[in-house]
Amino acid sequence: RDLDQETVNYLCEKATSKKHWCEIRSDHVKILLLNKTACNYDLKQFYYENFKRTRRLWFKLYFVRGYAIYASEAELSPIMTKFQELLRKNHDYIDYEFILSAAGLPYLVKTYGYPCFAEALETAKNEYEKIDPLLRGYFTFDENMEQIHLLTNEEVHRRAQEFLTKW
């Protein structure tokens with residue numbers, strides 16, 4: 001359904017509330033990102049400020065995705081440079097599952113075609129390879145930001161046992 005200003009304000013408030021985990025806050029941002037009428041509201045500063053405040057890389061990418069709706073390539077380039085620096089420092093496999101999914105950097109490359117997004121995607125792919133293979137490939141996200149499980153419960157259990165034995 002179409003969003004109105006009251007709903008947009010509510011979603012923005014809930015998305016930035018420190019009372020909830022980022023997984024819950026992300027559901028509110030997801031509505032803003034996927035609803036076509038949300039771009040009728042000026043959320044550029046909202047996305048920019050929350051990119052800077054958010055710690056989790058996967059959640060930062062939500063805000064980059066929103067910021068890209070309003071920002072030029074010149075405005076996005078320094079943000080993506082910072083994002084690439086963070087990618088090189090962080091090897092949390094959970095972050096990379098979203099970042100490399102159809103809803104993450106590939107979406108931004110496909111939608112906008114900016115070199116800064118393509119460079120970040122290459123960096124993410126390179127850094128992802130540094131993560132233990134037993135921790136990769138459990139799930140991904142489709143273009144609607146819905147999680148898709150890639151392994152059966154049995155395969156997850158087998159990998160967990162193998163990982164624990166390894167360490």
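Here is a short report on the structure shown in this document. As the structure is a prediction and not an experimental result, all values here were calculated from the model.

1. With respect to unusual backbone geometry
Phase 1: At M145, a position not held by glycine, the phi torsion is positive, near 65 degrees.
Phase 2: Within the secondary structure, M145 is located in the loop between strand 1 (139-141) and strand 2 (147-149).
Phase 3: Residue class for M145 comes out buried when judged on its relative accessible area of 1%.

2. Things to note about the pattern of salt bridges
Phase 1: Across all of its chains, the model carries 14 salt bridges by this definition.
Phase 2: The salt bridge involving R53 is made with E49; its shortest N-O contact spans 4.0 Å. Taken as a pair, R53 and E49 lie in helix 3 (residues 44-53) at a separation of four residues, close to a single helical turn.
Phase 3: Given a relative accessible area of 23%, E49 falls into the partly exposed group.
Phase 4: Close ionic contact of E155 with R158 constitutes a salt bridge, the shortest N to O distance being 2.5 Å. One end of the pair is E155 and the other is R158, both in helix 9 (residues 153-166) and three residues apart, which spans about a single turn.

3. Overview of the side chain of S26
Phase 1: For S26, the location among the structural elements is in helix 2 (residues 22-34).
Phase 2: Given the relative accessible area of 4%, S26 is considered buried.
Phase 3: Each residue touching S26, except ones within four places of it in the same chain, is listed here: W58, F59 and Y62.

4. So, the nonpolar core
Phase 1: If you look at the biggest cluster of nonpolar residues, it comprises 51 residues, and the most contacted ones within it are L32, Y47, M80, F83, L105 and F117.
Phase 2: Not counting chain neighbours up to four residues away, the residues in contact with F83 comprise F51, L57, K60, L61, I99 and L105.

5. Considerations on helix 5 (residues 73-89)
Phase 1: Compared with an ideal rise of 1.5 Å per residue, which puts 17 residues at 24 Å, helix 5 spans 24 Å between its outermost C-alpha atoms and is within 8% of the ideal.
Phase 2: Of all the residues in helix 5, the buried ones are L76, I79, M80, F83, Q84, L86 and L87.
Phase 3: Considering only its buried residues, helix 5 is in contact with helix 3, helix 4 (57-70), helix 6 (93-99), helix 7 (105-112) and helix 8 (115-128).

6. Observations regarding the packing of helix 4 against helix 5
Helix packing for two helices is described by the angle between their axes and how far apart those axes are.
Phase 1: Their axes nearest at 11 Å, the elements helix 4 and helix 5 cross at an angle of 170 degrees. If you check the angle between helix 4 and helix 5, you find them roughly antiparallel. Contact with helix 4, carried on its side by L57, K60, L61, V64, Y67, A68 and Y70, involves E75, L76, I79, M80, F83, L86 and L87 of helix 5 and no other residues of that element.
Phase 2: Across the contact of helix 4 with helix 5, the residue classes break down as twelve nonpolar, no polar and two charged.

7. Some points on helix 2
Phase 1: The first and last C-alpha atoms of helix 2 sit 18 Å apart over 13 residues, in line with the 18 Å expected at 1.5 Å per residue.
Phase 2: Taken as a whole, helix 2 has its buried residues at C22, R25, S26, H28, V29, K30, L32 and L33.
Phase 3: Next to the buried residues of helix 2 lie helix 1 (5-16), helix 3 and helix 4.

What counts, and at which threshold
Residues numbered from 1 in each chain as written. Predicted model: local features only at pLDDT ≥ 70, side-chain atom pairs only at ≥ 80, totals over all residues. Heavy atoms only, no water. Helix = DSSP H or I, 4+ residues; strand = E, 2+ residues; numbered from the N terminus. Buried < 20%, exposed > 50% of the residue type's maximum accessible area, 1.4 Å probe, protein only. Salt bridge = Lys/Arg side-chain N within 4 Å of Asp/Glu carboxyl O. Contact = heavy atoms within 4.5 Å. Core = buried A, V, L, I, M, F, W, Y, C linked by side-chain atoms within 4.5 Å. Expected span 1.5 Å × (residues − 1). Axes fitted to C-alpha atoms, helices over the stretch in contact; angles between N-to-C directions. Parallel < 35°, antiparallel > 145°, perpendicular 65-115°, else oblique. Nonpolar A, V, L, I, M, F, W, Y, C, P; charged D, E, K, R; others polar.

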